[in-house]
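Each chain, written out:
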Amino acid sequence: MDRITRYKEILKQELEKRAAIKVSYSPHVKNHLIINEEETDSMLLRFGWMGHRYRYLVVFHFQIIGDKIWLHQNNIDVEIGEILAEKGIPKSSTVIGFVGKLERGLEGYAAA
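What you are looking at is a predicted structure, and each value in this text was computed from that prediction instead of being measured. (Residues numbered from 1 in each chain as written. Predicted model: local features only at pLDDT ≥ 70, side-chain atom pairs only at ≥ 80, totals over all residues. Heavy atoms only, no water.)

Considerations on the confidence of the model for the chain
Filter applied, for reference: What pLDDT conveys is the predictor's confidence in a given residue, as a value from 0 to 100. Secondary structure elements are taken from DSSP: a helix is a run of H or I of four residues or more, a strand is a run of E of two residues or more, and numbering for both begins at the N terminus.
When the pLDDT values of the chain are averaged, the result is 93; 99% of them are 70 or greater. Mean pLDDT across the elements of the chain bottoms out in strand β5 (residues 94-96) (94) and peaks in strand β1 (residues 29-35) (97).

Right, here's the structure in full:
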């Protein structure tokens, strides 16, 4: 298995695991995982009604560009890059896309 295929599998497994977690604060808010056919774009969404208010949140958004995994969005208090590194995707292969170019490489992640 080549490196990118392995990264796709690790990312998919982690997102599926997180999508299966029930939203404890509201039974009407659900997780929804979207992965395109090529498995190059992945989003975990959370949406539904919380009381009288509709909630919609992009929890995670990942994109594989070239030989790197780009994290475009992380809206929860989970260091997903650290978790992926523990599972076999080195930080040097992950770009934190929502951080400015000058800060990207400071924590060991790829600059681009």
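Overview of the pattern of salt bridges
To keep things clear, this is the line we draw: Here, a salt bridge means any Lys or Arg side-chain nitrogen found within 4 Å of an Asp or Glu carboxyl oxygen. Accessibility here uses a 1.4 Å probe with only protein chains present; expressed as a share of the type maximum, an area under 20% marks a residue as buried, one over 50% as exposed, and anything in between as partly exposed.
Per the counting criterion, the structure on display carries 7 salt bridges. The closest approach of N and O atoms between lysine 91 and glutamate 82, which form a salt bridge, is 2.7 Å. Taking the relative accessible area as the measure of exposure, glutamate 82 reaches 31% and is therefore partly exposed.

Some details on the environment of glycine 48
Short version of the rule: Here, two residues are considered to be in contact whenever any of their heavy atoms come within 4.5 Å of each other.
For glycine 48, the location among the structural elements is in strand β2 (residues 41-50). Judged by relative accessible area, glycine 48 falls into the buried class, the value being 7%. As a C-alpha pair, glycine 48 and glutamate 9 span 39 residues in sequence and 28 Å in three-dimensional space. Not counting the four nearest positions on each side in its chain, glycine 48 is found in contact with His28, Val29, Arg53, Tyr54 and Arg55.

Thoughts on the pairing of strand β4 (residues 68-74)
Going by this rule: Here, strands pair whenever DSSP counts at least two bridges between them. Orient the strands so they point away from the viewer; a crossover is then right-handed if the path from the first strand over the helix to the second runs clockwise.
Within β4, 5 of the 7 residues are buried, leaving the element largely enclosed by the surrounding structure. Looking at chain direction, strand β3 (residues 53-65) and β4 are connected through 6 bridges and run antiparallel. Bridge assignment links histidine 61 to a residue of β4, and that residue is glutamine 73. Linkage of β3 to β4, two consecutive antiparallel strands, is achieved through a turn of 2 residues, within which glycine 66 is found at a positive phi near 65°. The sheet contact formed by β4 and β5 spans 3 bridges and is parallel. Looking at the pairing, leucine 71 lines up with isoleucine 96 of β5. The parallel pair β4 and β5, bridged by helix α2 (residues 80-87), forms a crossover whose chirality is right-handed.

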